[in-house]
Each structure stands twice: as structure tokens, then as C-alpha cells.
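As a plain string of letters, each chain reads:
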Amino acid sequence: MGLGDMETPNSSAGSQPDTCFGAFNASSGHNNTQNSIASPWFSTAFGLIGLCSNLFALCVLLSSSRKLSSRTRSSFLVFLCGLVITDFTGLLVTASVIIPYHFIKFTWAKVDPSCHLCNFLGFSMVFFGQCPLLLGATMAGERFFGINHPFSRSTSISKRRAWSIVGLVWGFSCLLGLLPVLGLGRYTLQYPGSWCFLTLLPDTGNVIFCLLFALLGIFSVLLSFIFNTVSVVTLCRVYHDRESVQRRRDSEVEMMVQLVGIMFIATICWLPLLIFIVQTVLQQLPARGQTQLLLPETQKMLLIYIRMVTWNQILDPWVYILFRRAVLQRIYPSLRPRPSIVSLYPVLNPSLHRKLTAD
């Protein structure tokens, strides 16, 4: 989502509570921590690793999609492509603003007095942060219906329809990110002054936007967990109950392993931040209208959780790169292919079975 872990700003704008520079006081002792913040070279390398990882995963996905004839597998690869494109673009956009700040050391209040750059960066953080969570829930839902209702035509999604669903997720996340620009909440410069994000202050607009962002993310993670858990249980039960099959594949297992890996990474990286946002906003509600600046402890904890979130964009592509059948079979040559979920279900009639197992 971003690389918000750099140096202290070279401006003191804490006296501007109604602008994007009013969330923390840049001159209130933060200079003492300048040496403890990561160097620009470390952050540049960190961003390049994430960009290269996502670019490599995208190339592998595009190569795999050209060789597939299975509609189920190809639609799943479309969702994975959407996820990788989102992570790659998110790193590219945020790094293009944050990393130059550390080399140029420009003054935010002078370069961006109207807060356009801060609003853009805050929008990017929200948009590219919410998209992976929603895409993860969408992928989990698609696999849930594909595994538990394999004979339903509605579970067979074409590539065009899959890309349309990805576009809807992008559009919804875009509308969410535009809410502060439209007047609900606001984006502000965050400690240590190199990035902008939603404001954890207890006024009505910020409270609503913070809760909307955090609760939507938590709901997406929980929905993914429920869908994936049921899908994994179904696969285990079906594979255990039926041993003789007409055609054997392990595509469903491969997809579920990748999907569970994506869900696990998103849960570890995102839930601490989302819970922290909800907890901080609700705790400050009694002081609504009195608090104008975030506490130093709150600012530092927010920075730590944002650093955790950035790992999500770096680890996501490696889930697909490493947990593919081609890789796993090289590591464990004794792995045997598993049956297709369609071939394991009772056959209603021969023509239907031939049609559903044709790929």
C-alpha cells in the first residue's frame, strides 16, 4: 500500500488543524527519532523488491493463462492478475511520491499548500489498500460457489465476466477513496511526515470514514475466512469419500492453497491496523471536539501497522509463484494428482458429466 516509514518532515504545520498538515506537530520532539527511521536506500530497495516480485508474478500469470482451456482455472487467474496489478500499481504510485521526498527533502507545506498531493497519496493508500481485501473476498466467494455448487452454470465465469468483477471492485474502492475529497473525513500528513492517510481524530466526518474503511476491511477478511474454510472442508470431505474417478486433476487444491495463502497474509498484515483504527476512533469519541492532534504514541503505532501492511503487497505475488503445481512437483516429485471436484460428485446423467468434465 505504501512505504510510509521515512524521515521527519521539514515543516511545522501542527497549528493547522483544518488542513492536511494538522494531524501531528512536526516540531514537537520528533527530530530525536530521525536516526532510527529507515534510510532512503533501504526503502528504495524495499520498494524495488516488491515491484520486481509483482512484475515477475504477472509475467508468470500471463504465460499460464495462455496455456489454459479450463474456464474455472482461467477465471481464477484473472482475479489473481487483478490482485497482482493492484499491488504493483499501489507500490509504484506510493513509492513515486514517498521515495523522492527522502532524497529531495522538500517542504510539504510549500510544495503542496492546497493539499492536492496529500489527498492523492491518501486516496492511493486507501484505494490500493482496500482493493486486495475485496479481491480476496471475491476470489474466496467464487471458489466457494465453484466447489460447493459445481453443477450450477452460474459458477462458470468467463474471462470477460471475471474482468468485469475486478473492474467493479476497483470502482467501489475508488469511490471509497474519494469520500474525503467529497467532504466525508479528510486525508492528513502522518508521522514521520512522508505519507498521508485517513485522520484518526474524533470529529464526525473522520469517525465515519475511519469506521467505514476499517469495518469494510474486517468484513472482507472474515468473509474470506468463512468461504475458504467451508471450501477446504468440502474438498477434504469429497476427496476422502470418493476414491475412484474418471479424470484426475488437482487444480481445485492448487487454487485453494493459493487462496488460503493470500488470506493468511492479508489477515496477518491487515487485521492489526484495522482493529487499531476502530479502537483508536472509538476511544477518542468522548473527547470529540477537544482533540486536535494525535498523541505521539498513536502516531508511532499507526506507522508500525502501516509498515506491516506494506508486506502484504510484497508477499502476495510469491504465494502464486511458489505454490504452483509445477514448483511443488519439483520439490516433492512423489506428489500425486488429485481428482477434479466435478468428477467426484454423483453424475446426474452421462451427457451432463461429459459436458462438465470436458475441460
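Residues numbered from 1 in each chain as written. Predicted model: local features only at pLDDT ≥ 70, side-chain atom pairs only at ≥ 80, totals over all residues. Heavy atoms only, no water.

Going by what an unreviewed UniProt entry lists, the protein chain is known as Thromboxane A2 receptor and is assigned to Atlantisia rogersi. Taken verbatim from the UniProt record of the protein chain, the Subcellular location (unreviewed entry) comment is "Cell membrane". (UniProt positions renumbered as here; feature names shortened; annotations may be inferred.)

Visitor: Where do I start with the UniProt feature "transmembrane region" (unreviewed entry) in the protein chain in this structure?
Guide: Per the UniProt record, "transmembrane region" (unreviewed entry) is found at residues 41-64, 76-101, 121-141, 162-185, 205-238, 259-282 and 302-323. Taken end to end, residues 121-141 comprises 100% helix and 0% strand; its first and last C-alpha atoms sit 30 Å apart. In residues 302-323, the share of helix is 95% and the share of strand is 0%. The end C-alpha atoms are 32 Å apart. (Helix = DSSP H or I, 4+ residues; strand = E, 2+ residues; numbered from the N terminus.)

Visitor: Whenever I open this one, the confidence of the model for the protein chain confuses me. Can you help?
Guide: Parts of the prediction with low pLDDT should not have their coordinates interpreted in detail. Per-residue confidence for the protein chain gives a mean pLDDT of 77; residues scoring 70 or more make up 71%. Per-element averaging of pLDDT across the protein chain places helix α10 (residues 341-344) at the bottom with 46 and helix α5 (residues 159-182) at the top with 93. Residue range residues 27-36 is modelled with pLDDT below 50. Its contacts to residues more than four positions away, or to other chains, number 11 contacts. (pLDDT = per-residue confidence, 0-100. Contact = heavy atoms within 4.5 Å.)

Visitor: In this structure, what is going on with helix α8 (residues 296-322)? I would like to understand it.
Guide: Because the α-helix completes a turn every 3.6 residues, residues three or four places apart line up on one side. Between its first and last C-alpha atoms α8 spans 40 Å; for 27 residues at 1.5 Å apiece the expected length is 39 Å, and the two agree. Considering bend angle alone, the principal kink of α8 is centred on Ile314 and spans about 30 degrees; proline Pro317 follows within four residues of it. (Expected span 1.5 Å × (residues − 1). Bend = angle between axes of the 7 residues up to and from the residue.)

Visitor: Whenever I open this one, empty space enclosed by the protein confuses me. Can you help?
Guide: One way to see where empty space is left: roll a probe the size of a water molecule over the atoms. As enumerated under the stated definition, the model contains 4 cavities of 30 Å³ or more in all. Computed from the structure, the largest cavity encloses a volume of approximately 100 Å³. Lining of the largest cavity is provided by Pro132, Leu133, Gly136, Ser220, Val221, Ser224, Asn228, Leu259, Ile262, Met263, Ala266 and Thr267. Breaking the lining of the largest cavity down by element, the ones donating at least two residues are α4 (116-148), α6 (204-241) and α7 (251-284). (1 Å grid on protein atoms, 1.4 Å probe; cavity = no way out; pocket = protein on both sides within 12 Å on 5 of 7 lines; lining within 4 Å. Points joined across faces, edges and corners; volume = space filled by probe spheres on them.)

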